[in-house]
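Residues per chain are reported as follows:
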Amino acid sequence: MRTKMKTSSFVILMAVGVVVALYTLMPFFLVCINVFKNANGIVANPVGVAGMSIGQLTANISNVVNNSNFNFWYAFGTSALITIISLALLALFGGMAGWVICRNKTKWSTAVYMTFVASMIIPFQVVMLPLISTFRDVGKFVGLSMLQSIPGIVFAYCGFGGAMTVFILTGFVKTIPYALEEAASIDGCSYEGIYFHIIFPLLKPSIVTVTILNGMWIWNDYLLPSLMLGQNGKVKTLPVAVQAFVGSYVKQWDLILTAALLAMIPMIIIFLIAQKQIMNGMVDGAVK
Amino acid sequence: MKKLFALIMALAMAVSLVACGGGNSTPSGNTSSGDTSNTAAASGDTIRLVNGKIEIDAALKNLAAKYKEETGVTVEIESMGGGVDIQGTLKGYYQAGNMPDIFVNNGTDFDNWTGMLVDMKDQAWVSDTQAAYKDDSGAVIGFPYTTEAIGLAYNASILEAAGVDPATLTSPDAIKAAFETIDSKKADLGLNAVVGYCAEASSLYWSTGNHLFANYIDGGLDREDTTYIDLLSDGGQLDEARMTDFANFVDLLNQYSDPSLLVSGTYDQQILNFSSGKYAFVTQGSWIGATMTSDDADAYAAAGNFKCGMVPYAFQAGQENILTSAPSYWSVFGEGNTEAALAFLDWCATDAGQEILVTEANCISPFESCTFVANDPFAQTISDYISAGKTSNWHWSFMKEGLAQNYTGQVFADFAAGNLDAASFVSTMQQVCAACYNS
Amino acid sequence: MNANTTGKKVMSLALLVVGTVLMVGSLVMDFTGSGSPMRGPMLIIGALGILAGMYFFPTLARHRGIINFIFLFPLLFCFAVTVIIPLVLGIFYSMTDWNGVKMNAFIGLANYMTMFKDPGFLWSILLTFLFVVFNMVLVNVIGFSLALLCTSRLKGIGFFRAAYFLPNLIGGIVLGYVWQFVFNNVLVKITATAFGMQNSILANTPTAFAAIIVVYIWQYAGYIMLIYINGLVTIPGDVLEAAAIDGASPTLTLFQIKIPMIMSTITICTFLTLTSAFKQFDVNMALTNGSGSVANFLGNYLTNGTQMLALNIYNTAISKNSYALGQAKAVLFFIILACISLIQVRISNSKEVEL
């Protein structure tokens, strides 16, 4: 039982808490009120509520969604597809690799593990330029387009996300008692069956963690897709589309802010639904 | 059996991925996605054009629709605006094997694509214009689709009301006097400021670093005179006396500009205020006509659809020319769908294409046989200057790539913000130009 | 049983043969320069055929090894192609005149010499270090304070926590533009009315730099707060209770008990902010794109006042088209980060030994 807080300090702390919350939420609030205005209304009066109307909001949204240079639903769908496929593959392959690494203490598996761990310090900048040329060459060679294509970028995310995923999942496999696997083996379960029947179901909580960490990264990532897909290419993710859109319309804040709002909404909805898992997942990812 | 099921699931996933990959790599009429140069069998009925003038995007899409109607060939228009590093993006496309069939180039941009562009000298339209872009060997590698002018744009109604005759504004003293006169009547004329000049560095560097600086390079010179661009190309040198006069003129703009626009303004704000009759002058070229009659049409109408004109940025006495040129050209990429691209450009030069380019995109036609007149506030003033022979060229487009964006734009911004005075503006300009050309 | 094994053997061999034929076939097509669109799918189906053939190969002794290989292969393959090969190539390219497409000559360390003679790049390094130091201190102090706030007995803690964390969900590009709006339109409007200050704080290098720091803290402090909360709640309640009974003041409890007990969390958060601030790119690009001037840095006037390292690398390669020079800068970037990470590992290990 802790000491009871004094009323005065309670009030002060509460006030500080509210002020900071107002500050962190302020940009969201500004976006929300300004999407109800037209461009001139925003420039004339960005803070107040004057000039707000529902009709303007629908007009802004339809301008953004129907804008052929933004193509919101297409960008949204592309982002969602890339994120979901990458996450599924990372979870599947990451779990498999983590289990093999953890359960086979050979020098090979240790070397693979150490390579994965060491690679986590490699910044994207040092590989981004050769990555593009490598992908272009590989693509030209085998006749599959690795750049400008969804499979290509999913492949890249599996490569970049692999290290952290394996690291976290290996750590988790270690906590699963080996006796479980021995028992299953005696019962006649095949080697690969052990993974799919015993280990994979047990990995679920840590798969949620890696999915959240990878998901936040992949969904919001700008640099990799902008380089691989082009800044204004045919296939574009939401962040790339926002950047291209802002660049092409010199500064039409009504459209830019509406685009920003549309880009933020999916993340915020997911956060409201799975707040606890996301916060815990983010912490687990950092602490492990 | 369950293990098999799991495996099949995994395989199915992988196969679906392959299917996606295969689908993308096959040339399925979608020229832009998988169209690396070795899948050259791209279908003949789609071409892609990268346009550098966002303001004519809608008109070009109409142009493409009409072309499709007439010939069945689809032209995809991809527009990029002022703030986008178009050449950088195109290089990215080249890297990714995603080059458009036709794309925009000007000046030094052509150097990026040496040997990769189609020589169009056999095309019918070449004989109809003086404005085609020829490289050193005489190959025609740029299709001129419009003419643009750089001058100090003015609102004719306001000048008239203030009693200023634009024809007299051919010296810095005359312009200064006019600014003073208008400034003193600002309230009566309903003005926010005399000039809408914006020197913001991160997204409007092109306005100052390219177009305003262009006057230092070409102001008052004959079209063939390359004195100052040659000096600049030779290690980034500037003519100090000329630059000093230019600096004093820019200082005049700094003094009389709208302070809320000068340092942190935006293009939209600048043009909207000019269209609304809030500025007597604006430091943008003829391309703003398109913005005034589309995005800002309501404000422009409310301000009485006033007549517009241009005066030279006369930073030295006797400079009577405005700067005109094709601002950029369309080039055909040699490894793309060249035949369809050439056919499209040829069509653009005919009446059917010119009608849309001139009347809808408000391009000022560089073709002699063209009879359409652009409905553009600046069309009249440009043709007046051209017929009077009072035009200078656009040698600024031969400045080193990135000079405005990475170097000079910032110097204009610092000058505007008061961090530099006219003398230090000149010396700083000398320093950054040298740094740019020697890096 | 026996028939089953034979069946499997036949199937396995068939898959291996078909897979190999397809792969070899597609590779031959590649080398002969055939433009057939089928060669890509053939290659992949061939590879999958070989993997499946290996899976069905009826051997008890080797089965485990084969499964190990199949399980490791997908991720390791992606990893090798996207990280290892480009890393090796990148270090090599940094010593050539590579232009993004091809290289003509090996020029040794010339790129490295050029970059250290470029005052703009030195400025970017200095600025990045300043940014890292400011953020390491500010984000941790603010994050920790917020964590204390959120572990105290206030009402609506859940809401506060969520509100502070929310900015972390939004991508750097999107929030960069939102903040550009806040600074260029909202704040200018306010300062113009209040003090007649018409210029945005993004137009001036020092204030623009401060603006980037503010946005970064706004985005990152909530995340660091969560980690501190996680550390603080692991402090055993009886320790705090004992301290309270002994009459320790809240300040004393904080400095004598709470902080020492979460030292490992502090280490984690410090390095997390350090590396993340060091790699800052999206906000920098969307907010100022590196603009801003420096009047005199080592005798030079610079025009990349707010351009930090990651953005400098990007601009060097992409907009100035100097791929090899950009790559050399990136290699230096990598070396610095690697050193930081090694220090972190060393510190964490020594801590663990102490405990």
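Residues numbered from 1 in each chain as written. Chains lettered and ligands numbered in written order. Predicted model: local features only at pLDDT ≥ 70, side-chain atom pairs only at ≥ 80, totals over all residues.

1. With respect to the overall build of chain B
1) Next: Helix and strand content of chain B: 18 helices and 13 strands.
2) Next: Summarising the internal contacts of chain B: among those between residues at least 6 apart in sequence, 74% fall at separations of at least 24. (Helix = DSSP H or I, 4+ residues; strand = E, 2+ residues; numbered from the N terminus. Contact = placed C-beta atoms within 7 Å.)

2. Some thoughts on the nonpolar core
1) Next: Core analysis: the biggest nonpolar cluster contains 321 residues, and Ala97, Val242, Ala259 and Ala260 of chain A together with Val174 and Met225 of chain C have the highest contact counts within it.
2) Next: At 17 residues, helix 8 (residues 205-232) of chain C tops the list of elements feeding residues into this core.
3) Next: Here Ala97 of chain A is in contact with Val166 of chain A together with Phe71, Leu72, Leu75 and Leu76 of chain C, once residues within four sequence places are set aside.
4) Next: Core analysis: the next-biggest nonpolar cluster, separate from the first, contains five residues, Leu15, Leu51, Met54 and Tyr55 of chain C among them. (Core = buried A, V, L, I, M, F, W, Y, C linked by C-beta atoms within 7 Å. Buried ≥ 20, exposed ≤ 12 C-beta atoms within 10 Å, placed from the backbone.)

3. As for the interface of chain C and chain A
1) Next: Of the residues lining the interface, 80 residues belong to chain C; the matching set on chain A comes to 76 residues.
2) Next: For the side of chain C that touches chain A, the leading source of residues is helix 3 (residues 60-93) of chain C, giving 20 residues.

4. Some remarks on helix 3 (residues 86-95) of chain B
1) Next: For helix 3 of chain B, a buried count of nine out of 10 residues is recorded, marking the element as mostly surrounded by other parts of the structure.
2) Next: Of the surrounding secondary structure, the elements contacted by the buried residues of helix 3 of chain B are helix 6 (124-142) of chain A, strand 1 (46-51) and strand 3 (102-105) of chain B together with helix 13 (309-319) of chain C.
3) Next: Following helix 3 of chain B by one or two positions, Gly97 of chain B adopts a phi angle in the positive range, close to 65°.

5. Quick look at the environment of Glu148 of chain B
Residues and elements named next belong to chain B.
1) Next: You can see Glu148 is positioned in strand 6 (residues 148-150).
2) Next: Sequence-wise, Glu148 and Tyr279 are 131 residues apart; in three dimensions their C-alpha atoms are separated by 21 Å.
3) Next: Sequence-distant contacts of Glu148, that is, excluding residues within four places in its chain, are made with Gly285, Ser286, Trp287, Thr324, Ser325 and Pro327.

6. A look at the domain arrangement of chain B
All names here are of chain B.
1) Next: You can read the domains of chain B as domain 1 (46-144 + 327-365) and domain 2 (149-325 + 384-438).
2) Next: Each of domain 1 and domain 2 has a C-alpha centre, and the two are 28 Å apart.
3) Next: In this complex, domain 1 contributes 10 residues to the contact, which on the side of domain 2 involves 13 residues.
4) Next: By residue class, the composition of the side of domain 1 that touches domain 2 is two nonpolar, seven polar and one charged. (Domains from an automatic or database assignment. Nonpolar A, V, L, I, M, F, W, Y, C, P; charged D, E, K, R; others polar.)

7. Description of the environment of Gln95 of chain B
1) Next: Following the sequence through the fold, Gln95 of chain B ends up in helix 3.
2) Next: Each residue touching Gln95 of chain B, except ones within four places of it in the same chain, is listed here: Ile132 and Arg136 of chain A together with Gly100 of chain C.

8. Here we look at the sheet that holds strand 3 of chain B
All names here are of chain B.
1) Next: With mixed pairing, the six strands of this open sheet are ordered in space as 2-1-3-12-5-4. Looking at which strands have only one partner, the edges of the open sheet turn out to be strand 2 (74-79) and strand 4 (133-134).
2) Next: In terms of strand pairing, strand 4 meets strand 5 (residues 140-144) through two bridges, oriented antiparallel. Note that in strand 5 the partner of Tyr133 across the bridge is Gly142. (Pairing = 2+ DSSP bridges.)

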